Amino acid sequence: MRTPIVAGNWKMNKTVEGSLQLIAELLPLLQDTAGVEVVLCPPFTSLWAAHQALRGAPVGLGGQDMHWEFSGAYTGEVSAEMLLTCGCRYIILGHSERRAYFSETDETVNRKLLASLKIGLIPIVCVGETLQERQGNVTQQVVRQQVRGAFTGVEPADVSRVIVAYEPVWAIGTGLTATPAQAQEVHAFIRALLSESYGTAAAASVRIQYGGSVKPENAGELFAQPDIDGGLIGGASLQAGPFAAIVKATVNVSREA
Ligand code: 13P
């Protein structure tokens, strides 16, 4: 059974105070979330405070990026152990904003993914094509390269711990959402790729989230698709009501792996 997972990627938003306020608003709305894994990914500076505020709540915590080395002279970077001991169980890796603005490559995403698995964080690895790539009919090539790149060296035993987020770059923060059929097609393609490398059973156990302008109005039909196992939510995760409504849209869509 794949449990759907809805994660809020707050990106570079919310001070500590703002984070605590949003969590206080969210918690009463997220009491009845059986059957869905809910995760919040605030900025690094809010993680420890968020961890304290979420104690006992059915909500996990994740970071938005990390370094692949475990410690050392890497000014400005944060390690997997730092995140783990701040209360994180999840880590977003290879977000398109990191690829576009901070020179993240398939190789660095892969190093981070292997490091996250080694320390016991659950990686949420992001893949997705740009508008130009979609229009040029190279979506599958791009996604194949990103998925293969990210999973290089991942042992079969670890595959089911990895979460993939399909986030078409043209749908992020633009208000343009992939149609359920467009998203399902790429999700099925990603699952087929994993199946080629790891076999059908392992591929069927991997959760694949959709991300890109998910809102309460479109979440239900996206998450009802057979290969879409919840979402990675940006803008709509910054407000309690819309995020909780998206979580509610996911309840009862868990499916056989
Ligand atoms: P939006 O939901 O704001 O489009 O962002 C999606 C995203 O990038 C989540 O990681």
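Check the entry above for the structure.
Note that the coordinates shown come from a computational prediction; the quantities given were computed from them, not determined experimentally.

So, how was this worked out
- Residues numbered from 1 in each chain as written.
- Predicted model: local features only at pLDDT ≥ 70, side-chain atom pairs only at ≥ 80, totals over all residues.
- Heavy atoms only, no water.
- Core = buried A, V, L, I, M, F, W, Y, C linked by side-chain atoms within 4.5 Å.
- Buried < 20%, exposed > 50% of the residue type's maximum accessible area, 1.4 Å probe, protein only.
- Helix = DSSP H or I, 4+ residues; strand = E, 2+ residues; numbered from the N terminus.
- Contact = heavy atoms within 4.5 Å.
- 1 Å grid on protein atoms, 1.4 Å probe; cavity = no way out; pocket = protein on both sides within 12 Å on 5 of 7 lines; lining within 4 Å.
- Points joined across faces, edges and corners; volume = space filled by probe spheres on them.
- Nonpolar A, V, L, I, M, F, W, Y, C, P; charged D, E, K, R; others polar.
- Axes fitted to C-alpha atoms, helices over the stretch in contact; angles between N-to-C directions.
- Parallel < 35°, antiparallel > 145°, perpendicular 65-115°, else oblique.
- Left-handed = near helix turned anticlockwise from the far one by under 90°.
- Polar contact = N/O pair within 3.5 Å; in protein donor to acceptor, adjacent residues only side chain to side chain.
- Pairing = 2+ DSSP bridges.
- Near = heavy atom within 4 Å.
- Areas by Shrake-Rupley, 256 points an atom, 1.4 Å probe, with all protein chains shown as cover.
- Sits in = over half its atoms within 2 Å of the grid points.

Asker: I'm lost on the nonpolar core in this one. Help?
Answerer: Side chains of nonpolar character tend, in soluble globular proteins, to be buried together. Membership of the largest hydrophobic core comes to 66 residues, with the highest contact counts inside it found for Phe151, Ile190 and Tyr210. Ranked by the residues each element gives to this core, the list is headed by helix α8 (residues 180–198), at seven residues. Every residue in contact with tyrosine 210, bar those within four places of it in the chain, is listed here: Tyr166, Pro168, Ala171, Thr177, Ala178, Ala183, His187, Leu222, Ile228, Gly230, Gly231 and Leu232. Formed by twelve residues, the second largest nonpolar core is a distinct cluster that contains Cys41, Ile92, Cys126 and Leu232.

Asker: Help me out: how do you make sense of the environment of glutamate 69 in this one?
Answerer: By the element assignment, glutamate 69 lies in the loop between β3 (60–63) and α3 (80–84). With a relative accessible area of 34%, glutamate 69 lands in the partly exposed category. Excluding residues within four positions of it along the chain, glutamate 69 makes contact with Tyr74 and Ser79.

Asker: Is there a simple way to think about the layout of surface pockets in this case?
Answerer: Unfilled space is identified by rolling a water-sized probe across the atoms. Quantified by volume, the largest pocket comes out at close to 460 Å³. Taken together, 18 residues line the largest pocket, and the ones lying closest to its centre are Lys11, Met12, Gln64, Arg98 and Phe102. For the lining of the largest pocket, the class distribution of residues is eight nonpolar, five polar and five charged. In this structure, the second largest pocket encloses a volume near 200 Å³. Along its surface, the second largest pocket is lined by 16 residues, and Gly173, Ser213, Gly234, Gly235 and Ala236 are the ones closest to its centre. Across the lining of the second largest pocket, the residue classes tally to five nonpolar, eight polar and three charged.

Asker: I would appreciate a short explanation of the packing of helix α5 (residues 106–119) against helix α7 (residues 139–151) in the present structure.
Answerer: Following both chains from N to C, one finds α5 and α7 inclined at 40°, their axes separated by 7 Å at the closest point. The angle between the axes of α5 and α7 places the two elements in the oblique class. In the crossing of α5 with α7, the sense of the turn from one axis to the other is right-handed. Across the interface between the two elements, Asp106, Val109, Asn110 and Leu113 from α5 touch Gln145, Gln146, Gly149, Ala150 and Phe151 from α7. Looking at the contact of α5 with α7, its residues break down into four nonpolar, four polar and one charged.

Asker: What exactly am I supposed to notice about the side chain of histidine 67 here?
Answerer: Looking at where histidine 67 falls in the secondary structure, it is placed in the loop between β3 and α3. Within the structure, the side chain of histidine 67 is placed 2.9 Å from the backbone nitrogen of glutamate 69, a separation counted as a polar contact. With sequence-adjacent residues up to four places away left out, histidine 67 is seen in contact with Tyr74, Glu77, Val78, Ala80 and Lys112.

Asker: Help me understand the sheet that holds β3 in this model?
Answerer: In sheet architecture, strand pairing relies on hydrogen bonds along the backbone and comes in two forms, parallel and antiparallel. With parallel pairing, the eight strands of this closed barrel are ordered in space as β1-β2-β3-β4-β5-β6-β7-β8. With direction set aside, neighbouring strand axes in the sheet form an average angle of 25°. Bridge count for strand β1 (residues 5–9) against strand β8 (residues 231–233) is two bridges, and the pairing is parallel. Bridge pairing in β8 places glycine 8 opposite isoleucine 233. Packed onto the sheet, α5 meets β4 (90–93) and β5 (122–127) and runs at close to 160° relative to β5. Strands in contact with helix α11 (residues 240–250) are β1, β2 (37–41) and β8; relative to β1, the strand with the most contacts, it is inclined by about 160°.

Asker: Help me understand the site of the ligand, please; the structure alone is not making it clear to me.
Answerer: Near the ligand, the surroundings consist of Asn9, Lys11, His95, Glu167, Ala171, Ile172, Gly173, Gly212, Ser213, Leu232, Gly234 and Gly235. Within the side chain of glutamate 167, an N or O atom sits 2.9 Å from an oxygen atom of the ligand. In the model, an oxygen atom of the ligand is placed 2.8 Å from a nitrogen or oxygen of the glycine 235 main chain. Here the ligand loses 95% of its free accessible area of 310 Å² to cover by the protein chains. The site holding the ligand turns out to be the second largest pocket.

Asker: Can you help me understand the environment of glutamate 196 in this one?
Answerer: Here glutamate 196 shows up in helix α8. Within the structure, the side chain of glutamate 196 is placed 2.8 Å from the side chain of arginine 148, a separation counted as a polar contact.

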